[in-house]
Amino acid sequence: MKTTVRTVGQVSVVDLSGKITIGEGDVVLRDKVLELLDGGHSKILLSLEKVSYMDSAGIGELVACFKKAREKGGTVKLLKPSGKVEDLLQLTKLWEVFEIFDEEAPAVASF
Amino acid sequence: MASATTVKLVISNEVRLVDVVHAASETVAGIAGFEEDDALNVAIAVREAVINAIVHGNKMDPSRKVEVRLQARPRSMSARVRDQGAGFDAGATPDPTAGDNLMRSSGRGVLVMRAFVDSVEFKFREGRGMEVTLKKTRAGDKTKSSTRPSAAAADNGGMER
């Protein structure tokens, strides 16, 4: 999985592409979110538009990032989950936990 | 009727090899005639079974193996994943979508498996480890079907793994 970070106002928008799976994407995601939090960037928007799928480890890492951000006084929100990722978020009922947006501008404004 | 196409894999107990099984599962699902999206569903379900086998069944022990048998038939596919662990009670683990479990960072594997294939069966054989068998029939060949994961899995299949 690849990540690119953009700063929009005070929000760090992390564009993710590829898959968030055990031993690969989950580690990349964790490292990137921790790096941002440790650098004082507490408003994080994970853009999932180009994530093809996740497995349970990837889903778990999303939850871990959400909790880690909250511990540090930050927030993680999600943008544009793709078909399979959306299915998984709904299946696991995490759709009700995360704030999820279809458009970037309202997502950024929500922080 | 054409005979089944079978692929057997024996992998070392390493999570980096999960992708190998995932790719093989997608290929075999394609041979069984599944469309791309359903083939990915099958591969994700098999992937979860293999992760369980490596992490929970074999407890990350590098000396152990995971055996996978993938079988394509004209209208269906099955996958059998066997570890070398001590087994577990598939019915005794918590629902990951319930209450405080929702925010746990693990425990969703079986839920995902059950959602992405038609049936998941757990069987422990003394001396042979835990065996998980997943089956899926092509959507057009079932009386009632959906290519989307089953929401029912969230209601009755939630378990720790």
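So, here's what we can say about the structure. Since the model is a prediction, treat every value here as computed from it, not as a measurement. (Residues numbered from 1 in each chain as written. Chains lettered and ligands numbered in written order. Predicted model: local features only at pLDDT ≥ 70, side-chain atom pairs only at ≥ 80, totals over all residues. Heavy atoms only, no water.)

## Structural notes on the side chain of lysine 32 of chain A
All names here are of chain A.
Right, so step 1: Here lysine 32 is to be found in helix 1 (residues 25–38).
Right, so step 2: We classify lysine 32 as buried; its relative accessible area is 18%.
Right, so step 3: In this structure lysine 32 touches Thr3, Val5 and Val14, once residues within four positions along its chain are discounted. (Helix = DSSP H or I, 4+ residues; strand = E, 2+ residues; numbered from the N terminus. Buried < 20%, exposed > 50% of the residue type's maximum accessible area, 1.4 Å probe, protein only. Contact = heavy atoms within 4.5 Å.)

## Observations regarding the packing of helix 2 (residues 36–57) of chain B against helix 3 (residues 109–116) of chain B
All names here are of chain B.
Right, so step 1: Close contact between helix 2 and helix 3 brings their axes to 8 Å; oriented N to C, the two are set at 150 degrees. Here helix 3 runs roughly antiparallel to helix 2, going by the angle between their axes. Note that helix 2 runs across helix 3; the crossing there is left-handed. Two secondary-structure elements touch here, helix 2 through Asn41, Val42, Ile44, Ala45, Glu48, Ala49 and Asn52 and helix 3 through Gly109, Val110, Val112, Met113 and Phe116.
Right, so step 2: In terms of residue class, the contact of helix 2 with helix 3 is made up of 8 nonpolar, 3 polar and 1 charged. (Axes fitted to C-alpha atoms, helices over the stretch in contact; angles between N-to-C directions. Parallel < 35°, antiparallel > 145°, perpendicular 65-115°, else oblique. Left-handed = near helix turned anticlockwise from the far one by under 90°. Nonpolar A, V, L, I, M, F, W, Y, C, P; charged D, E, K, R; others polar.)

## Some remarks on the pattern of salt bridges
Right, so step 1: Summed over all chains, the structure comprises 18 salt bridges over all chains.
Right, so step 2: One salt bridge in this structure joins aspartate 19 of chain B and arginine 47 of chain B, with 3.0 Å as the shortest N-O distance. Taken together, the residues span a long stretch of sequence, with aspartate 19 of chain B in helix 1 (residues 18–31) and arginine 47 of chain B in helix 2 at a distance of 28 residues.
Right, so step 3: By relative accessible area, aspartate 19 of chain B is classed as partly exposed at 25%.
Right, so step 4: Owing to a relative accessible area of 1%, arginine 47 of chain B belongs among the buried residues under this scheme.
Right, so step 5: It is possible to trace a salt-bridge network through shared partners that takes in Lys19 and Asp55 of chain A together with Asp19 and Arg47 of chain B. (Salt bridge = Lys/Arg side-chain N within 4 Å of Asp/Glu carboxyl O.)

Geometric values such as these leave the question of function open.
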